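A structural walkthrough
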Amino acid sequence: QALYPVFTRQEVGRHRSLADRVWVTYGSEVFDITDFVELHPGGPSKILLAAGGALEPFWAMYAVHSQEHVLEILRGYKVGELSPEEQSQPAQGDPYSGDPPRHPALKVNSLKPFNAEPPAELLTENYLTPSQLFFKRNHLPVPAVDPASYRLEVEGPGGRTLSLSLPELKSRFPKHEVTATLQCAGNRRSEMNHVRPVKGLEWGIAAISTARWGGARLRDILAYAGYGGEETGEWHVCFEGLDKDLSGSAYGASIPYGKAMACEGDVLLAYEMNGEELPRDHGYPVRVVVPGVVGARNVKWLSRVLVSREESPSHWQQNDYKGFSPSVDWDTVDFTTAPAIQELPIQSAITDPPPSATVPPGELTIKGYAWSGGGRGVIRVDVSLDGGRTWHVAEMAGEEQPPGRAWAWRLWQLTAPVPTGSTELDIVCKAVDTSYNVQPDTVEPIWNLRGVLSNAWHRVHITVAQ
Ligand code: HEM
Ligand code: MTE
Ligand code: MO
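Residues numbered from 1 in each chain as written. Chains lettered and ligands numbered in written order. Predicted model: local features only at pLDDT ≥ 70, side-chain atom pairs only at ≥ 80, totals over all residues. Heavy atoms only, no water.

A word on the domain arrangement of the chain
- Parsing the chain into structural domains produces domain 1 (6-86), domain 2 (107-337) and domain 3 (347-464).
- Here the C-alpha centre of domain 3 lies 27 Å away from the C-alpha centre of domain 2.
- The partner domain 3 presents 39 residues to the 47 residues of domain 2 that form the contact.
- Approximately 3700 Å² of surface area, both sides summed, lies buried where domain 2 meets domain 3, with 58% of it carried by carbon and sulfur atoms.
- Among the residues of domain 2 in contact with domain 3, Tyr127, Arg188 and Met192 are the three that bury the most area, contributing 21% of the side total.
- Connecting domain 2 to domain 3 are 4 salt bridges.
- Of the charged contacts in the structure, one is a salt bridge between Arg405 and Asp266, with a shortest N-O distance of 2.9 Å.
- Applying the counting rule to domain 2 against domain 3 returns 23 residue pairs in polar contact (both at pLDDT 80 or more).
- Counting only elements with at least two residues in the side of domain 2 that touches domain 3, the list comes to α5 (120-123), β11 (175-183), α7 (189-195) and β12 (208-217).
- When residues of the side of domain 2 that touches domain 3 are assigned to their parent elements, the largest contribution, 5 residues, is made by β11. (Domains from an automatic or database assignment. Contact = heavy atoms within 4.5 Å. Buried area = accessible area lost by both parts, 1.4 Å probe. Salt bridge = Lys/Arg side-chain N within 4 Å of Asp/Glu carboxyl O. Polar contact = N/O pair within 3.5 Å; in protein donor to acceptor, adjacent residues only side chain to side chain. Helix = DSSP H or I, 4+ residues; strand = E, 2+ residues; numbered from the N terminus.)

Some details on the pattern of salt bridges
- All told, the structure shown has 22 salt bridges when counted by the stated rule.
- Close ionic contact of Lys175 with Glu272 constitutes a salt bridge, the shortest N to O distance being 2.9 Å. Of this pair, Lys175 sits in strand β11 while Glu272 sits in strand β15 (residues 268-273); the two residues are 97 residues apart in sequence, bridging distant segments of the chain.
- On the accessibility criterion, Glu272 (18% relative accessible area) is buried.
- One continuous salt-bridge network, built from bridges that share partners, spans Arg21, Asp32 and Asp35. (Buried < 20%, exposed > 50% of the residue type's maximum accessible area, 1.4 Å probe, protein only.)

Considering the site of ligand 1
- The environment of ligand 1 is formed by 21 residues, the closest being His40, Lys46, His65, Gln67 and His69.
- One of the side-chain N or O atoms of Gln67 is found 3.0 Å from an oxygen atom in ligand 1.
- Within the side chain of His69, a nitrogen or oxygen atom sits 3.0 Å from an oxygen atom of ligand 1.
- Of all the elements in the fold, those that place two or more residues in the shell around ligand 1 are α2 (44-48), α3 (56-61) and α4 (68-75).
- For the shell around ligand 1, the element with the most residues is α4, which contributes 4 residues. (Near = heavy atom within 4 Å.)

Quick word on the packing of aromatic side chains
- The full count for this structure, using the stated rule, is 13 aromatic pairs.
- Between Phe7 and Trp23 the ring centres are 4.8 Å apart and the planes differ by 65°, which places this aromatic pair in the edge-to-face class. Residue Phe7 is located in strand β1 (residues 6-7), and its partner Trp23 is located in strand β3 (residues 21-26); the two are separated by 16 residues in the primary sequence.
- Among the residues examined, Trp23 registers a relative accessible area of 11% and is labelled buried.
- A ring pair is formed by Tyr26 and Trp59, whose centres lie 5.1 Å apart and whose planes are at 50°; its orientation type is tilted. Taken together, the positions of Tyr26 in strand β3 and Trp59 in helix α3 put the pair 33 residues apart, joining distant regions of the chain.
- A residue is classified by how much of its surface remains accessible, and Tyr26, at 27% relative accessible area, is partly exposed.
- Three or more aromatic residues joined by ring pairs make a cluster, and in this case those are Phe134, Phe135, Trp203 and Trp213. (Phe/Tyr/Trp six-rings, centres within 6.5 Å; stacked < 30°, edge-to-face > 60°.)

Some details on empty space enclosed by the protein
- With the rule as written, the count across this model stands at 2 cavities of 30 Å³ or more.
- The calculated volume of the largest cavity comes to roughly 220 Å³.
- Lining the largest cavity we find 19 residues, and of these Arg137, Arg287, Gly295, Asn298 and Lys300 sit closest to its centre.
- Split into classes, the residues belonging to the lining of the largest cavity amount to 9 nonpolar, 5 polar and 5 charged.
- Computed from the structure, the second largest cavity encloses a volume of approximately 60 Å³.
- In terms of lining residues, the second largest cavity is bounded by Gln183, Cys184, Ala185, Asn187, Leu344, Pro345, Gln347, Leu453, Ser454 and Asn455.
- Within the lining of the second largest cavity, the residues separate by chemical class into 5 nonpolar, 5 polar and no charged.
- Looking at the lining of the second largest cavity, you find at least three residues from each of domain 2 (107-337) and domain 3 (347-464). (1 Å grid on protein atoms, 1.4 Å probe; cavity = no way out; pocket = protein on both sides within 12 Å on 5 of 7 lines; lining within 4 Å. Points joined across faces, edges and corners; volume = space filled by probe spheres on them. Nonpolar A, V, L, I, M, F, W, Y, C, P; charged D, E, K, R; others polar.)

What follows is the structure in structure tokens.
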């Protein structure tokens, strides 16, 4: 065992910059990570936040680090130990200790921050997903918001700022209700990961859910703030959440101004979900609901709205949630070359039977969901039991919504005879939207390094009991 020099926290604290070298502690060990700063996958500015001190409070926030390969990198930079009297430091607060309780049925992808999806078989049991089972996608700890002191800041033309309390938001603007499906850009990412590794949470097919949302129309609030809808050229409505990372930057995103102001855009600042006040995980007290648009723009714990010539400067608008060619890798990717994802493409998946199920011979009932972005309705779902050689048309259930405003999914099912003599079935589904957009048949040609927009034909392989 190597003998390392012993340092005090004060000595470690003198190494806070590249010029003075960058030291950090983890447990009772001291590391000189100067040479890793430029290599850090999370960027040099993030890693420098921990310079001169302990990594634990930062890693508690970014749980991506609790993996063996991360610790292995760290070990390579060890230069010393903390002196024994320094090791009994007060326990660091867990930034996630204030997160709300969650339903035990959820399949957890990441605990801190909390990311979870319902079991697929439960997903299509209800047209409106019960809020407790609705998928949850948080980038940071859930903020604790005091409804009495909550204010929504809305920047009007010329920088005049409107500050709305919760009662004002509820009483000054008519309540509007919309049934809309939210889907994470990473839904079905795990299928891309099987083709070639991608970076991101391993979502199955259930990072998608549907709720009845109630709240004020964003266009009413923008009109009240002084916007008339006649702005020409490129404008965006930017949103900020109350959840902040350690550098103090809030979760943020933006949508095109035209979507926000359209009478038929149905963009809400929602304070209700399925007839109750918004649950904490879903943005209490107020979130944006942008029907037809990728989950990431539906900013939760909304604190600020502003109209700008530029898209949101946030990391999630600029350097994430974009699609690329399968030829682009992490060495060549240039996020400025691709537009931010807004409307999502046509999607469908089989929720029942689950993969690897064994079913009795005779008749088989297959269930799933289908949805398209941009208010495009689903006009048909085709299902095959033989890997795509022959097809059946599924029956669709669920609300029929007006053309161009079909914000919610359709649940579908098909009851078909199991072909006699078959021992295995390769079930496939694919949907068609009102623009006759279809899903691609395989994952390979749409693979992208971030694993977003995964919407190939969904395939489930099952066994028939003999
Ligand atoms: C990602 C190492 C410090 C923020 C990563 C990853 C590694 C790494 C290996 C990629 C993990 C993966 O995707 O499997 C380290 C080491 C650190 C350090 C060795 C200290 C010596 C920090 C600090 C912060 C931070 C102090 C925050 C203040 C992040 C973020 C990501 C990340 C946000 C995710 C980037 C993304 O997915 O785009 N880090 N890190 N890291 N790190 Fe660190
Ligand atoms: N808003 C804030 N403030 N913070 C977040 O981490 N996550 C976004 C979006 N809004 C997020 C946010 C992403 S990526 C998605 S997919 C949806 O919220 C998920 O919403 P849900 O948790 O209500 O399902
Ligand atoms: Mo997402």
